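In case you want the letters, here they are:
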Amino acid sequence: LKAAINLPVFWQAFFCPGLDSGARRGELIALKWEDVDLKEQSIIIKHSAYCRGSIKIKETKGKKERIIHIS
């Protein structure tokens, strides 16, 4: 987490929620702003992304949405 603080804001926005919540890489890549609620300090994980020549979106591993709280 200390190393992430020294990164550009773009990378902080990617790594910090993952470190804070345990979200998978594909879940973080598939996030949209509509999934983020800064007021409630939460993120709704709805999809996951993977790459097979191009980026594809699929259901999450557990096939259900989950809410993670961020600091």
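Structure: above.
This part covers the pairing of strand β3 (residues 47-51). Two elements, β3 and strand β4 (residues 55-59), share five bridges in a ladder whose sense is antiparallel. Bridge pairing in β4 places Cys51 opposite Ile55. Here β3 hands over to β4 after three residues, with Gly53 in that stretch at a positive phi of 90 degrees.

Below, the discussion takes up the side chain of Asp35. Counting through the fold element by element, Asp35 comes out in the loop between α3 (25-29) and β1 (36-37). A residue is classified by how much of its surface remains accessible, and Asp35, at 5% relative accessible area, is buried. Beyond its immediate stretch of four places on either side in the chain, Asp35 contacts Ala30, Ser42, Ile43, Ile44 and Lys46.

Cut-off values and rules
- Residues numbered from 1 in each chain as written.
- Predicted model: local features only at pLDDT ≥ 70, side-chain atom pairs only at ≥ 80, totals over all residues.
- Heavy atoms only, no water.
- Pairing = 2+ DSSP bridges.
- Helix = DSSP H or I, 4+ residues; strand = E, 2+ residues; numbered from the N terminus.
- Buried < 20%, exposed > 50% of the residue type's maximum accessible area, 1.4 Å probe, protein only.
- Contact = heavy atoms within 4.5 Å.

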